[in-house]
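Chain and residue survey
Okay, here's what each chain looks like letter by letter:
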Amino acid sequence: MNRQPKITLVGAGPGDADLISLKGLKALASADAILYDALVNEELLDYVPKHALRIFVGKRANHHTFSQLEINQMMVELARTNGHVVRLKGGDPFVFGRGGEELDHAAENNIPTTVIPGISSAVALAGLQGIPLTYRGISESFWVITGATTAGSISKDIYAAAQTDATVVVLMGLNKLPEIARIYQDAGRGKLPIAVIQNGSLPDEKIALGAMDDIVEAARAQQIGAPAVIIIGEVVAKHAHYGVKREQENAIAV
């Protein structure tokens, strides 16, 4: 059977398999090959046809199964040999997912593409915890910032964000948490509420709540690890257990 080459970038959502879109599931059901990331819930592979090739291309901070260039080339090669390739990515493909680079590579090789957005952890995890990213009279905007640049340094946008009243969501920034806290403290905002959420939307989800002055200790007390999302701003105090959880974490830290 001669299958037409095609690539579909699908956002798998923040972790819970139920949070992928219906359109995303339909794409999985029509896949001839699937390349999936480390943050993708493997329950979603149950929707992939039995004949489809499944390849794990996940990347973690210190270990890459394949380089981004290799992934780009693999997508194109599989589209030409197998037909419909689904590139399944955690969250949304275009929110720090390098989906734009993959789309560019497909276009350079004349492979038709479709993008199916996903629910980004930048938005979803706050909502699942009852933290509104915007709130009338408190926060008029929210920023989404990477915790570390390609060079490994902290993003300069963190310094700019610390001067605003915006809610700030930091992805891939857990290792930079002490530096982020210090930047806000230096800006005179040591009492600003902050939340750190690990494995958001999953059964083993953990959260640390605190202020910039004590969040490093709170995250350590809760044994927060990667992957984690950081939410900064007065809206964090809207979390139902903000005051109670802070008291418990401070007691543990002592």
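Notes on the structure follow. Everything numeric here is computed off the predicted structure, so don't read it as measured data. (Residues numbered from 1 in each chain as written. Predicted model: local features only at pLDDT ≥ 70, side-chain atom pairs only at ≥ 80, totals over all residues. Heavy atoms only, no water.)

Closest axis-to-axis distance for the helix α2 (residues 68–82)/helix α3 (residues 99–108) pair is 10 Å, and the angle between their directions is 45°. With respect to each other, α2 and α3 are oriented oblique. The handedness of the crossing between α2 and α3 comes out as right-handed. Contact residues: Q68, I71, N72, Q73, M75 and V76 in α2; E101, E102, H105 and A106 in α3. Split into classes, the residues belonging to the contact of α2 with α3 amount to four nonpolar, four polar and two charged. (Axes fitted to C-alpha atoms, helices over the stretch in contact; angles between N-to-C directions. Helix = DSSP H or I, 4+ residues; strand = E, 2+ residues; numbered from the N terminus. Parallel < 35°, antiparallel > 145°, perpendicular 65-115°, else oblique. Left-handed = near helix turned anticlockwise from the far one by under 90°. Contact = heavy atoms within 4.5 Å. Nonpolar A, V, L, I, M, F, W, Y, C, P; charged D, E, K, R; others polar.)

Of the residues making up helix α6 (residues 177–186), those classed as buried are L177, I180, A181, I183 and Y184. In a view along the axis of α6, the buried residues occupy a sector of 160°, so they form one face of it. Here the buried face of α6 lies against α5 (157–161), β9 (167–171), β10 (193–198), α7 (215–221) and β12 (228–232). Positive backbone phi, at 80°, marks G188, one or two positions downstream of α6. (Buried < 20%, exposed > 50% of the residue type's maximum accessible area, 1.4 Å probe, protein only. Arc of directions from axis to C-beta.)

The omega torsion of the bond from A226 to P227 falls at 0°, within 30 degrees of zero and hence cis. Following the sequence through the fold, P227 ends up in the loop between α7 and β12. Within the chain, M172 stands out as a residue other than glycine whose phi angle is a positive 60°. In this fold, M172 is placed in the loop between β9 and α6. With relative accessibility at 52%, the residue M172 sits in the exposed group. Positive phi, close to 50°, is recorded for N199, a residue that is not glycine. Assignment of secondary structure puts N199 in the loop between β10 and β11 (206–211).

So, about the pairing of strand β2 (residues 33–36). Neither face of β2 is exposed, since A33 and L35 on one face and I34 and Y36 on the opposite face are all buried. Here β2 pairs with strand β3 (residues 53–56) via four bridges, running parallel. Bridge pairing in β3 places L35 opposite I55. Looking at chain direction, β2 and strand β6 (residues 84–89) are connected through four bridges and run parallel. Note on β6: the bridge partner recorded for A33 is V85. (Pairing = 2+ DSSP bridges.)

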